[in-house]
Amino acid sequence: MEIKIEKHENEVVVLLNGELDTVATTNMSEELNRVTDLASQNIIIDCKDLEYVSSSGLRFFMQLKKNSEQSGGSVTIRNLNEDVEDIFRLSGFHHIFNI
């Protein structure tokens, strides 16, 4: 799992590459916390290279959304591949997030 953060004037783009599973959320907790710390801004999560998301990964998305709402920011998810989009639909996340 690789996370790249690009800061722009009015938004932060977070590029996810690989599998966001239990191992990745544990090993990448520092990087994921950096994303959560940016919750007061408009965050775009680019999932073009995200291959898989587990329940632990979905928890990261929910925590980010919660922190963002409390801080006055927003979270938009874009470029979901078919498999990850299916997971978002099955979990109901497509109703929760701007996709």
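These numbers come from a predicted model, not from an experiment. (Residues numbered from 1 in each chain as written. Predicted model: local features only at pLDDT ≥ 70, side-chain atom pairs only at ≥ 80, totals over all residues. Heavy atoms only, no water.)

Engineer: Explain the sheet that holds strand E1 (residues 2-7) here, please?
Structural biologist: The strand order across the open sheet built from four strands is E1-E2-E3-E4, with neighbouring strands paired in mixed fashion. Single-partner strands in this sheet number two, and they are E1 and strand E4 (74-78). Across the sheet, the mean angle separating the axes of adjacent strands is 20° when strand polarity is ignored. One ladder, built from five bridges, connects strand E3 (residues 42-53) with E4; its direction is parallel. Bridge pairing in E4 places Ile 45 opposite Ile 77. Packed on one face of the sheet, helix H3 (residues 55-71) meets strand E2 (12-20), E3 and E4 and runs near 175° to E3. (Pairing = 2+ DSSP bridges. Helix = DSSP H or I, 4+ residues; strand = E, 2+ residues; numbered from the N terminus. Axes fitted to C-alpha atoms, helices over the stretch in contact; angles between N-to-C directions. Contact = heavy atoms within 4.5 Å.)

Engineer: Would you mind showing me how to read helix H2 (residues 29-37) here?
Structural biologist: Residues separated by three or four positions in an α-helix point in the same direction, a consequence of the helix having 3.6 residues per turn. Three or more residues of H2 are buried, namely Leu 32, Val 35 and Thr 36. Each buried residue of H2 lies within a common arc of 100° when the element is viewed along its axis, so the set occupies one face. Opposite the packed face of H2, turned more than 90 degrees from it, sit the exposed residues Glu 30 and Asp 37. The elements touched by buried residues of H2 are E1, E2, helix H1 (22-27), E3 and H3. (Buried < 20%, exposed > 50% of the residue type's maximum accessible area, 1.4 Å probe, protein only. Arc of directions from axis to C-beta.)

Engineer: For this particular structure, what's the right way to read the packing of aromatic side chains?
Structural biologist: Given two aromatic rings, one states the distance between the centres and the angle between the planes to describe the pair. Tallied over the entire structure, the rule returns six aromatic pairs. Note on Phe 61 and Phe 88: the rings are 5.3 Å apart at their centroids and 75° apart in plane angle, and the pair reads as edge-to-face. Of the two residues, Phe 61 sits in helix H3 while Phe 88 sits in helix H4 (residues 82-91), which places them 27 residues apart along the sequence. Comparing Phe 61 with Phe 88 shows no difference in burial state: the two are buried. Between Phe 93 and Phe 97, the aromatic rings sit 5.7 Å apart at their centres with planes inclined by 25°, giving stacked as the arrangement. Residues Phe 93 and Phe 97 agree in their burial class; the two are buried. Through successive ring pairs, a cluster of aromatic residues spans Phe 60, Phe 61, Phe 88, Phe 93 and Phe 97. In this arrangement the basic side chain of Lys 65 is found over the ring face of Phe 97, its NZ or CZ atom lying 5.7 Å from the centre. (Phe/Tyr/Trp six-rings, centres within 6.5 Å; stacked < 30°, edge-to-face > 60°. Lys NZ or Arg CZ within 6 Å of the ring centre and 35° of its normal.)

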